[in-house]
Number of protein chains: 2
Amino acid sequence: MSSQATEETPDAYEALLDHYEQISNVNAAGSILQWDQEVMMPEGGTPARSQQKSALSSLSHDLLTEEKVGEWLDELDDADLTDEQEAVVREIRREYERADRVPSDLVAEISETTSEALPKWKEAKAEDDFSIFAPVLENLIELKKEYAEHIDPDKPAYEVLFADYEPYLDLDTAERVLERLREELVPLIEDVRASDVELADPFEGDFDVDTQEDLARDVLDTLGYDFEHGRVDTAPHPFSTGNQFDARVTTRFSEDDPVGALMSTIHEFGHARYTLGLPREQYGNPLGESRDLTVHESQSRLWENHVGRSRVFWEKFLPAMKERFPQLEDVTPEEAYEAANEVYEDNLIRVEADELTYHMHIIVRFEIERELIEGDLDVEDVPQRWNDKYEEYLGIRPDTDAEGCLQDIHWSHGSFGYFPTYSLGSVLAAQIYDALEADVGDVDEKVRNGNFDVIADWLEEHVHQHGARYTTPELVEEATGEAYNADHFVDYVTEKYTDLYDL
Amino acid sequence: MSSQATEETPDAYEALLDHYEQISNVNAAGSILQWDQEVMMPEGGTPARSQQKSALSSLSHDLLTEEKVGEWLDELDDADLTDEQEAVVREIRREYERADRVPSDLVAEISETTSEALPKWKEAKAEDDFSIFAPVLENLIELKKEYAEHIDPDKPAYEVLFADYEPYLDLDTAERVLERLREELVPLIEDVRASDVELADPFEGDFDVDTQEDLARDVLDTLGYDFEHGRVDTAPHPFSTGNQFDARVTTRFSEDDPVGALMSTIHEFGHARYTLGLPREQYGNPLGESRDLTVHESQSRLWENHVGRSRVFWEKFLPAMKERFPQLEDVTPEEAYEAANEVYEDNLIRVEADELTYHMHIIVRFEIERELIEGDLDVEDVPQRWNDKYEEYLGIRPDTDAEGCLQDIHWSHGSFGYFPTYSLGSVLAAQIYDALEADVGDVDEKVRNGNFDVIADWLEEHVHQHGARYTTPELVEEATGEAYNADHFVDYVTEKYTDLYDL
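Residues numbered from 1 in each chain as written. Chains lettered and ligands numbered in written order. Predicted model: local features only at pLDDT ≥ 70, side-chain atom pairs only at ≥ 80, totals over all residues. Heavy atoms only, no water.

Per an unreviewed UniProt entry, chain A goes by Metal-dependent carboxypeptidase and derives from Halobacterium hubeiense. Looking at the Catalytic activity (unreviewed entry) heading of the UniProt record, one finds this comment for chain A: "Release of a C-terminal amino acid with broad specificity, except for -Pro." Quoted verbatim from the Function (unreviewed entry) field of UniProt, the annotation for chain A is "Broad specificity carboxypetidase that releases amino acids sequentially from the C-terminus, including neutral, aromatic, polar and basic residues." (UniProt positions renumbered as here; feature names shortened; annotations may be inferred.)

Okay, structure coming up:
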């Protein structure tokens, strides 16, 4: 219930909010079912879980598209509302209009198909056999094209799908930013590869997974994660989910990559911290919901890259790591910092990529999924196209589909158009970080002193607390004082890698 | 969807089934949320979780009471249906008629209040302070009385509530059975207490909880629990939940009571095995749902008491226990059997009780909750009344409310009328066990050979596979060849304890 509701608040507004609250709760229940499926559910539970999720999706859809919702929205068209109320209505209207165009059956079918797709993707990845995943992927693509066609038959389907993940920065912006990143990063990557500098990599050998799990808790503790309102588990594809009362983190470990697991944990912490920073009294309405994926990813990237991959973070955190892993006794913070930022020539995996090549991974996926949705590429040709593009953009070719086009979970969720927001978010992270620093002073100094709350509190005040009050461009302006742009990011990576590789 | 549906199946039947499937899925989602809350959720998640569960409850209620459901049921009144279809309609009609009388708001309020009640109960128990729980308990009682009043204003509220848990054996039957148990068990308990026999108790000392957890997995493995369709976790109050694709078990451990934890695990296995034995192709309709609590409890009690507390079970399982706990090296199966069946004079806790005094615990709770619902007892007087009754029926008086009226979770769920089904189920377990033995021959022999599948398969065939096809009395007749009665149970405990205590 909005804190803004006054005596003069129109009845239609109150009714709309009550109704929306119920929808939010159904969606929140769906998220728990999803979390459970990925983290806790025994494999054999899938058939029933698919039906449960599908029932909730179509119920949520039915509730959102009830005739009375349209009527309330019409009534509120020229009602006298506060700015916050206007924002609430804007968000609900947008959701309503999109949902209203999509038949309930299709929503249920997509949900059920994604539930079947998840185990297929897992199996295909485990067995390194794309053909296991291909049929359900093809099915999902057709369903999502149909979905986009319902929402806006006059727009390219990919553009419509993209707006599900980032409604307020259009696909042109995404393309422009990705283009800029390619222009700036390709020569930078070339320079790095040509450099004689060899960064240290002191994290050799095996690192016990249980001990890494303890270390993940250490780092979450250090950053100020509130375990009274969250928990950490392992999942094959790390994610964060929840609400302002219960925002959970998942992570994963591999014996030979303790730094990767730490960075992944910090990344998900960034997401969860955003969620926990949403205003509690607004639970269940857009003012208590996060802005979309660009902003969400800016929060995870800020913590992962600007904090976790900084020199000072390693000065601060390395001792805790040495306590867990005494074999690291002689490692210096500088060495750890280098290891956390090394640009590997042969890395095929997006989530293990450095801050430069990362965006090449995104560009590959972006181009391929766009072709798939626009009908310019057959599903069966995905592995070939994938590998060719890796060769072209990164100079490496995956040996297996497991390390290639099957590496990421997103398509099994039916998420096409999601990937660009990873780059958009990284770009925004740099912009927000600079605004933070302009406001609170030397951030390195805070990190060195373990004063992570200064960062979290600033982000909460300038980003989290607004929920979906502002559109993405408005929120960026509000938080940073300028329009969304890639300059901060380009400056940041240029400076960082020039220094690291002595360019 | 019923496998019985034929070309001549009335449209109303198909429509009703589709609709009911959606309701089942919403309810199943609610169960996952409940499991998560008790097993996984961080404490701080409660406010949002309460709203989520409440939203699902009222949605489920709204769906069930939609006008068209009544219309379909009317249409089916004199339709030509198969026996199975008749059963499906009978079950849905019963649910519909009860739900239709209760306002949606009240359903939501009850759900929200139970969500708040759970942490209050936990806190009250942890701090041994009934006054923390009392206000919300009082609130729940009022709400449940109101609920019963809506369903049937002409019947005593407790009778109406009881029918939520056991719709087909009436409260008179419950009273008669409890009366019979009191008559038979009180003298038996007196004889046991007067006996000179001292049973062995070789499980002294501390038993590492992590190792007990491994042992719980061992026992579930031994019994044939299908981990592809289930999992085991710890919860402060053990329970089992799920569906035929994913039926989970929870258990709890205490350092000084490894046998108690094992028995609790076996008990929950019995519930889960019932759920997993429901026909998969009937998921989402009454033919794929379990019969009510009496039958459910018969399955858990059969495994816990008739299998787990038998001599032959300990012959079979003790070696596995010794492997985990080498300090038990010298323990004999007979000693373990005695320990698993000792009647402790000073046991205050229902779930730790032997098979005789157990029913005294039930009778106390039954009498007190009935008084509460009928308005004959004030909430504030519960601890006093509880302690007085324990003194009267069991000759012991709790020192604390944590060990007294706060020991069980059920009231925090708003479950009043649930407790009698524990005794009704124990009684039925003995009757079913005798039918099983009459059919497959010496069950001890199967247990001795680790042939637990014979038991599970028989139960699946004669009980589980029927879902809610038959009413409780019909199912008992179908499975055992005779009407529900307490004779088998009385014979069973008389023989067992006469032998154990040399009476």
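1. Notes on the packing of aromatic side chains
Taken as a whole and judged by the stated rule, the model has 31 aromatic pairs over all chains. With a centroid separation of 6.3 Å and 80° between ring planes, the pair formed by Tyr225(A) and Phe269(A) is classed as edge-to-face. In this pair, Tyr225(A) sits in the loop between α9 (209-223) and β1 (232-234) while Phe269(A) sits in helix α10 (residues 258-276), placing the two residues 44 residues apart along the sequence. Summarising the burial analysis for this pair, Tyr225(A) and Phe269(A) share the class buried. Between the aromatic rings of Phe203(B) and Trp314(B), the centroid separation amounts to 6.2 Å while the plane-to-plane angle is 50°, which identifies the pairing as tilted. Taken together, the residues Phe203(B) in the loop between α8 (171-194) and α9 (209-223) and Trp314(B) in helix α12 (residues 311-324) connect sequence positions 111 residues apart. A single burial state applies to Phe203(B) and to Trp314(B), both of which are buried. Linked through ring pairs, Tyr165(A), Tyr358(A), Tyr418(A), Phe419(A) and Tyr422(A) together constitute an aromatic cluster. The lysine or arginine in question, Arg350(A), covers the ring of Tyr422(A), its NZ or CZ lying 4.4 Å from the ring centre. Over the aromatic face of Trp35(B) sits the side chain of Arg248(B), whose NZ or CZ is 4.4 Å from the ring centroid. (Phe/Tyr/Trp six-rings, centres within 6.5 Å; stacked < 30°, edge-to-face > 60°. Helix = DSSP H or I, 4+ residues; strand = E, 2+ residues; numbered from the N terminus. Buried < 20%, exposed > 50% of the residue type's maximum accessible area, 1.4 Å probe, protein only. Lys NZ or Arg CZ within 6 Å of the ring centre and 35° of its normal.)

2. Some details on the packing of α9(B) against helix α10 (residues 258-276) of chain B
Residues and elements named next belong to chain B. At their nearest, the axes of α9 and α10 sit 10 Å apart, and the two run at 40° to each other. With respect to each other, α9 and α10 are oriented oblique. In this structure, α9 meets α10 at a crossing whose hand is right-handed. Residues Gln212, Leu215, Ala216, Val219, Leu220 and Leu223 of α9 lie in contact with α10, whose contacting residues are Pro258, Ala261, Leu262, Thr265, Ile266 and Phe269. (Axes fitted to C-alpha atoms, helices over the stretch in contact; angles between N-to-C directions. Parallel < 35°, antiparallel > 145°, perpendicular 65-115°, else oblique. Left-handed = near helix turned anticlockwise from the far one by under 90°. Contact = heavy atoms within 4.5 Å.)

3. Digging into the sheet that holds strand β3 (residues 246-251) of chain B
Residues and elements named next belong to chain B. Taken together, three strands build an open sheet; the order of strands is β1-β3-β2 and the sheet is mixed. Unpaired on one side and paired on the other, β1 (232-234) and β2 (240-243) mark the two borders of the sheet. Mean inter-strand twist for the sheet, computed between neighbouring axes without regard to direction, equals 20°. Pairing analysis gives three bridges linking β1 to β3, with the strands arranged parallel. Bridging from a neighbouring strand, Val232 pairs with Val249 of β3. Those strands touched by helix α1 (residues 11-39) are β1, β2 and β3, and its axis lies near 25° from that of β3. (Pairing = 2+ DSSP bridges.)

4. Comments concerning the interface of chain A and chain B
If you look at the interface, chain A gives 36 residues, while chain B gives 36 residues. Between chain A and chain B, roughly 2800 Å² of surface is buried when both sides are summed, and carbon and sulfur atoms account for 62% of that area. Along the contact surface separating chain A from chain B lie four salt bridges. The salt bridge involving Asp36(B) is made with Arg248(A); its shortest N-O contact spans 2.7 Å. Here chain A is connected to chain B by 13 residue pairs in polar contact (both at pLDDT 80 or more). Elements supplying a minimum of two residues to the side of chain A that touches chain B: α1 (11-39), α2 (46-64) and β3 (246-251) of chain A. When the residues that make up the side of chain A that touches chain B are grouped by side-chain class, the tally is 18 nonpolar, 10 polar and eight charged. (Buried area = accessible area lost by both parts, 1.4 Å probe. Salt bridge = Lys/Arg side-chain N within 4 Å of Asp/Glu carboxyl O. Polar contact = N/O pair within 3.5 Å; in protein donor to acceptor, adjacent residues only side chain to side chain. Nonpolar A, V, L, I, M, F, W, Y, C, P; charged D, E, K, R; others polar.)

5. Focus on the side chain of Glu342(A)
Residue and element names in this part refer to chain A. Here Glu342 shows up in the loop between α13 (333-339) and α14 (358-373). Although buried, Glu342 forms no salt bridge, and the nearest oppositely charged side chain, Arg193, lies 10 Å from it. Discounting chain neighbours no more than four positions away, the residues touching Glu342 are Leu199, Ala200, Asp201, Asp354 and Tyr501. (Lys, Arg positive; Asp, Glu negative; His and termini not counted.)

6. Quick word on the relation of the copies chain A and chain B
Copies of the same chain, two in number, are related to each other by a rotation about an axis and a translation along it. Overlay of chain A on chain B (RMSD 0.0 Å): rotation 180°, translation along the axis 0.0 Å. Such a combination of rotation and displacement between the chain copies is what one expects of a two-fold axis. In terms of C-alpha distance to the rotation axis, chain A has Ala29(A) as its closest residue, with the C-alpha 3.6 Å off the axis. The share of interface residues of chain A whose copies in chain B are also at the interface is 100%, consistent with both copies meeting through the same surface. (Least-squares fit on C-alpha atoms with pLDDT ≥ 70 in both.)

7. A word on the environment of Arg101(A)
Residues and elements named next belong to chain A. With respect to the helices, strands and loops of the structure, Arg101 is situated in the loop between α4 (83-100) and α5 (104-126). Sequence separation between Arg101 and Ala479 is 378 residues; the distance between their C-alpha atoms is 34 Å. When near neighbours in sequence (up to four residues on either side) are disregarded, Arg101 contacts His150 and Ile151. Polar contacts involving the side chain of Arg101 include one to the main-chain carbonyl oxygen of Ile151, which spans 3.2 Å.

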